[in-house]
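Residue-level listing of the chains:
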Amino acid sequence: MEKFYLTTPIYYVNAPPHLGHAYADLAADVVARWRRGRGDKTFFLTGTDEHGAKIVRAAAGAGKPVEEFVALQRRKFQKLLTALNISNDAFIYTSSQARHWPGARAMWERLKNSGDLYKAKYKGLYCVGHEAFVTEKDLLGGKCADHNQEPEVIEEENYFFRLSKYASRIEDAVASDTLQILPVSRKNEVLAFLKEGISDISFSRPSRDISWGIPVPHDPEHTIYVWADALSNYISALGYGSPDDKNFTTFWPADLHIIGKDILRFHAIIWPGILFSSGLPLPKCLFVHGMILFGGQKMSKTLGNVADPFSLIERYGRDPFRFFLMREIPFGGDGDFTEERFALVYEGSLAHGLGNLVERVSRMVQKYFPRGLQKPTEDMLKTFPTKRKPGESIRLDVYFGEIAKRYENAMAKLELTQAITIIWDFFSYLDGYIQDYVPYSLFKKDPKGTEVVLWNLARSLRSSARLLEPFMPETASKIENIFIADGNRLTSKDHEPLFPSHKTG
Ligand code: MSP
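The present account deals with the structure reproduced in this document. Residue positions are given per chain, counted from 1 along the sequence in the order it is written. At least 70 in pLDDT is required for a residue's local features to be given in this predicted model, at least 80 for side-chain atom pairs to be given and counted, and no such filter applies to totals for whole chains, interfaces and linings, which use all residues. Only hydrogens and water are set aside when side-chain values are computed; all heavy atoms of the structure are taken into account.

1. Some words on the overall build of the protein
In DSSP terms, a helix is any run of H or I states spanning at least four residues, a strand is any run of E spanning at least two, and both are numbered starting from the N terminus. Assigned secondary structure in the protein consists of 19 helices and 23 strands. Principal-axis analysis of the C-alpha atoms places the extent of the protein at approximately 90 × 45 × 40 Å. The buried label goes to any residue with under 20% of its type's maximum accessible area, the exposed label to any with over 50%, and the partly exposed label to all in between, with areas taken from a 1.4 Å probe on protein chains only. Here the protein holds 505 residues, and 57% of them are scored as buried. Residue burial considers only the protein chains on display, and all accessible areas are found by Shrake-Rupley using a 1.4 Å probe. Accessible surface, the protein as shown: approximately 21200 Å² in total, 50% of it carbon and sulfur. In summary, the charge assignment counts Lys and Arg as positive and Asp and Glu as negative, without counting His or the chain termini. Charge coordinates come from a single atom per side chain, which is NZ of Lys, CZ of Arg, CG of Asp or CD of Glu. In the protein, which carries 64 positive and 62 negative side-chain charges, the distance between the mean positions of the two groups comes to 4 Å.

Structure, rendered in structure tokens:
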């Protein structure tokens, strides 16, 4: 049994979750469910990032004490996990003094013992949206190009982390895929960035300016920089730095960090630097997903163009929502979200696609074979082959085997959009199989043959439920309950439509 540890970013709680946050969790959930299905010992972590200037300001804006504010916001993120049917094994939040702080502080001590923290005066431009220092070249007309905000000039004494010391080791790790970065275009982006050279980075803020955070061990005049604090969640959640660190021993290094492209450098450069300095192994893979755009722009709380996942899930259902994000936003690239498109996909691929297919096959089985289908003999199974390509015909179950293999390959490469597309192509294929043999006309002439055709269809649908499970867990289990296998018999039951008509917004 292999272990598999995967994580999502931890989300800032300055505003309620939007579609973009649902996306990273969903992708990770698909991978986690697939891994568990293969029998891997899986640990799936997500959580919230609750410290820093951005959060303090949001709390002040809401007129609430910051602890109360973050607890309230955190519950919304947790509610989203439930609404989306996310199967995370743990949830970490950085304001937890019991669960997160010991790990973050232990990490700080390791950096210090390696001689990689030093104090220096610093003057720079700080973008609160990024929670990071930016340079003139990140600005457009004096404003941060991503957040449309002017950065603040900050001059103070900070602890610095000797990131430059690890530049060549980081570069080697990325170039050699010891730390694999997918898609490859993102790896090249990191390598190009590293070529420009990297400097040491400010790793603390004075507590008099930022007290909402973790105090630097033995120097409470300083607060650990929010990104150093946040990155350590991946180990603190496993018990690193705590008496009970058996999850850390079992699961570290991470097999997969799923992140958005907006936080690539933090994960591909700073995080490996921290780990090298701490003497810990690097994660094996970073998968960098794109952004969900809304009317062509990045969806973000700061810009205010966000789609509410709760309302969409309530009106269309959680599996359709999961389907839409995984199928329509190419995993690894950007995609645009509009409700019009969602409604079209719902009707096309779901209600009239899979929903209708299941419905037709189930009704035919019930009508012609109310006591169920008898498993055809091997010879019979050969008699109604699929006409996959002109001149080539194979048994439907053999064809399904090929589909399953292609699906497994895509999943192993994290080509999630490809994997779900493979399943949907198979469903269209089954529609074609119905057209080829027209079981409802065939029945009068050849009831035995009809039984073979329907067996093939019902069996294929039942088998594809297993492939569907990571993406649409509820739909998969409904399909398994509609086509019931009992030894050599397959029966079908009346059921509610899989994808009923939905309410528009
Ligand atoms: N708190 C930091 C991450 C710390 S990880 C150690 C942060 N939080 S965030 O809430 O601003 O964004 C986190 C992640 O949410 C992004 O990297 C991305 O995975 C997801 N998304 C946020 N907006 C998104 C879109 N518009 N589209 C897709 N994903 C988006 O950065």
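2. Details of helix H5 (residues 167-175)
For the α-helix, the turn length of 3.6 residues means that residues three or four positions removed from each other point alike. Within H5, burial applies to Ile170, Ala173 and Val174. The buried side chains of H5 occupy one side of the element, clustering within an arc of 95° when seen end-on. The contact definition used throughout considers only heavy atoms, calling two residues in contact when any of these lie within 4.5 Å. Next to the buried residues of H5 lie strand E9 (180-182), helix H6 (184-195) and helix H10 (264-278). Where H5 ends, the next residue or the one after it, Asp177, has phi of about 65°, a positive value. This arc describes the spread of directions from the helix axis toward the C-beta atoms.

3. What about the sheet that holds strand E1 (residues 3-12)?
DSSP calls a pair of strands paired once it identifies at least 2 bridges connecting them. Within the open sheet, the 6 strands sit side by side as E3-E2-E1-E14-E15-E9. Their pairing is parallel. Bordering the open sheet on either side are strand E3 (90-93) and E9, each of which pairs with just one other strand. With direction set aside, neighbouring strand axes in the sheet form an average angle of 20°. The pairing of strand E2 (residues 41-49) with E3 spans 4 bridges and is classified as parallel. The residue bridging Gly47 from the neighbouring strand is Ile92, located in E3. To get an axis, a line is fitted to the C-alpha atoms, and for a helix only the part in contact is used. The angle between two axes follows their N-to-C directions and goes from 0 to 180 degrees. Contacts from H6 reach E9 and strand E15 (285-289) within the one sheet, and its direction differs from that of E9 by about 120°.

4. Looking at the pattern of salt bridges
The salt bridge criterion pairs a side-chain nitrogen of Lys or Arg with a carboxyl oxygen of Asp or Glu, the two atoms within 4 Å. Counted by the stated rule, this structure contains 30 salt bridges. In this structure, the salt-bridge partner of Arg57 is Glu152, at a minimum N-O distance of 2.9 Å. Here Arg57, found in helix H2 (residues 53-62), pairs with Glu152, found in strand E8 (residues 152-161); they are 95 residues apart in sequence, far enough to count as distant. Classification of Arg57 by relative accessible area gives partly exposed; the value is 44%.

5. Details of the sheet that holds strand E13 (residues 219-224)
A sheet is described by the order of its strands in space; here 3 strands give the open sequence E11-E13-E12, paired in antiparallel fashion. Edge positions in the sheet fall to strand E11 (204-206) and strand E12 (215-216), since each has one partner strand and no second. Of the strand pairs in this sheet, E11 and E13 are connected by 3 bridges, and their pairing is antiparallel. Looking across to E13, one finds that Ser204 is bridged to Ile224.

6. Overview of the packing of aromatic side chains
To describe a pair of aromatic rings, you give the distance between the ring centres and the angle between the ring planes. Think of it this way: a Phe, Tyr or Trp ring, Trp meaning its six-membered ring, pairs with another when their centres are within 6.5 Å, and the plane angle makes it stacked under 30 degrees, edge-to-face over 60, tilted otherwise. Taken as a whole, this structure holds 38 aromatic pairs when the rule is applied. For the pair Tyr368 and Phe443, a centre-to-centre distance of 4.4 Å together with 25° between the ring planes defines the contact as stacked. Of the two residues, Tyr368 sits in helix H13 (residues 339-368) while Phe443 sits in helix H17 (residues 439-445), which places them 75 residues apart along the sequence. Here the aromatic cluster, defined as three or more aromatic residues joined through ring pairs, consists of Tyr5, Phe43, Tyr234, Tyr240, Phe248, Phe251, Trp252 and Trp271. The side chain of Arg74 reaches across the aromatic face of Tyr93, ending 3.6 Å from its centre. In this scheme, Lys NZ or Arg CZ marks a charge over a ring once it lies within 6 Å of the ring centre and within 35 degrees of the ring normal.

7. Comments concerning the packing of helix H12 (residues 318-328) against helix H16 (residues 416-437)
Two numbers describe how H12 lies on H16: the axes approach to 8 Å, and their chain directions differ by 115°. Overall, the two elements H12 and H16 adopt an arrangement that is roughly perpendicular. Taken together, the residues of H16 that come into contact with H12 (itself represented by Phe323, Met326 and Arg327) are Leu416, Thr417, Ile420, Thr421 and Trp424. We call Asp, Glu, Lys and Arg charged. Ala, Val, Leu, Ile, Met, Phe, Trp, Tyr, Cys and Pro are nonpolar, and the rest, Gly among them, are polar. Partitioning the contact of H12 with H16 into residue classes produces 5 nonpolar, 2 polar and 1 charged. Angle categories: roughly parallel below 35 degrees, roughly antiparallel above 145, roughly perpendicular from 65 to 115, and oblique for all the rest.

8. What about the pairing of strand E14 (residues 256-260)?
For E14, the buried fraction is high: 5 of the 5 residues fall into the buried class. Residues of E14 alternate between two faces, with Leu256, Ile258 and Gly260 on one and His257 and Ile259 on the opposite face, all of them buried. Two strands pair when backbone bridges link them, and E1 and E14 are joined in this way by 2 bridges, in the parallel orientation. Each bridged residue has a counterpart across the sheet, and for Leu6 the counterpart in E14 is Leu256. With 4 bridges connecting them, E14 and E15 associate as parallel partners. What sits directly across from His257, in E15, is Leu286. Seen with the strands pointing away from the viewer, any crossover whose path from the first strand over the helix to the second strand runs clockwise is right-handed. In terms of handedness, the path from E14 via H10 over to E15 forms a crossover that is right-handed.

Keep in mind these values describe shape, not function.
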